[in-house]
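# Structural features, examined
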Amino acid sequence: MKNKYITIALVVVVLAGAGGLIWFTEGGNTLITKLTQSASRTQGADTVVATFTGGSAHITRAELDAKIQELAKNPQISVPDASKGEERTKFERLVIEQMIKDGFLIDEAQKQGLTADDAAVDAELATITAQYKDTAAFEAALVTAQLSKETLRENIRRQLIINQYYKSVAVAHNVTVTPEEVKTFYDTQVVPTQPKLAFADVEKEIQTRLEQQKTQEIVTGILDELYKSANVQILI
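To start, this report covers the structure provided alongside it. Here, residues in each chain are numbered from 1, in the same order as that chain's written sequence. Owing to the predicted nature of the model, reporting of local features is limited to residues with pLDDT of at least 70; listing and counting of side-chain atom pairs is limited to 80 or more, with chain, interface and lining totals taken over all residues. As a rule here, side-chain values come from all non-hydrogen atoms in the structure, and water together with hydrogens is ignored.

Any carboxyl oxygen of Asp or Glu that lies within 4 Å of a side-chain nitrogen of Lys or Arg is treated as forming a salt bridge with it. For the structure on display, the rule yields 15 salt bridges. Taking the shortest distance from any N to any O, the salt bridge between K101 and E97 comes out at 3.1 Å. You can see K101 and its partner E97 sitting in helix 3 (residues 86–111), four residues apart, about one turn around the helix. Measuring nitrogen to oxygen at the nearest pair gives 2.9 Å for the salt bridge that ties K183 to D187. Within this pair, K183 and its partner D187 are both found in helix 7 (residues 179–190), separated by four residues, close to a single helical turn. For K183, a relative accessible area of 36% corresponds to the partly exposed category. Via salt bridges that share partners, D118, D122, R153, E154 and R157 belong to a single interconnected network. Strands are runs of DSSP state E lasting at least two residues, helices are runs of H or I lasting at least four, and both sets are numbered from the N terminus onward. Burial classes: relative accessible area under 20% of the type maximum marks a residue as buried, over 50% as exposed, and values in between as partly exposed (1.4 Å probe, protein chains only).

Here it is in structure tokens:
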């Protein structure tokens, strides 16, 4: 069984609220490493590929390459080969933009004093472990994802903080979904593909999903504004 925290690379995670775009895995792959090394062979690891917040913050080539290696492990993501020139550059620029926005998301959560203590992390980790047949199966899943238990714990902590931030945004913006919106979604999105699924069986799930979508739109707007005002300079 796959777990939301042990999924390779780029994952949209939803716990109690809408999730954020998070990169999860660690470790490397020989072929992937060769690809990223080829892409950056004209740049040193310490070469700055982007600056923001007036130049006081930056992303290095090494950090960008590490993120691309993580993305390349996801079979659903096509990472352009270094030989593809402009296509590869566009991809790298998109990754940089997301890295910066991810940082802003955590910054906003920290400004609100949002944290996740060890007890909360332990509880979530226990829930995850319980989804596997035994400890060996759980550890095998970690190996497959090239993920250590320590990194998994930090991923959980990070995501719990992000979930709290989404909740706070939803409350601050009074995010609500009307019964009419729920019914419309059911009629237009559920009935055509699953006509035997009763409205009462999915009403709550639909409402939660629509609330998450509305919250995600607000958070996306917040991050877009922060990005615009950060004087981002992408140097590739």
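That covers the picture; the talk isn't over yet.
A few words now on the packing of helix 6 (residues 149–172) against helix 8 (residues 199–228). A packed helix pair is summarised by two numbers, namely the angle formed by the two axes and the spacing between the axes. For the pair helix 6 and helix 8, the least separation of the axes is 10 Å and the interaxial angle reads 100°. Classified by the angle their axes make, helix 6 and helix 8 are roughly perpendicular. Residues Y165, Y166, V169 and A170 of helix 6 touch helix 8, and the partners they reach there are T215, Q216, I218, V219 and I222. The residue inventory of the contact of helix 6 with helix 8, partitioned by class, reads seven nonpolar, two polar and no charged. Axes here refer to lines fitted to C-alpha atoms; in helices the fit is confined to the stretch in contact. Angles between the N-to-C directions go from 0 to 180 degrees. Angles below 35 degrees are treated as roughly parallel, those above 145 as roughly antiparallel, those between 65 and 115 as roughly perpendicular, and all remaining angles as oblique. The contact criterion used throughout is that any non-hydrogen atoms of two residues lie within 4.5 Å. Polar here means any residue other than Ala, Val, Leu, Ile, Met, Phe, Trp, Tyr, Cys and Pro, which are nonpolar, and Asp, Glu, Lys and Arg, which are charged; Gly is therefore polar.

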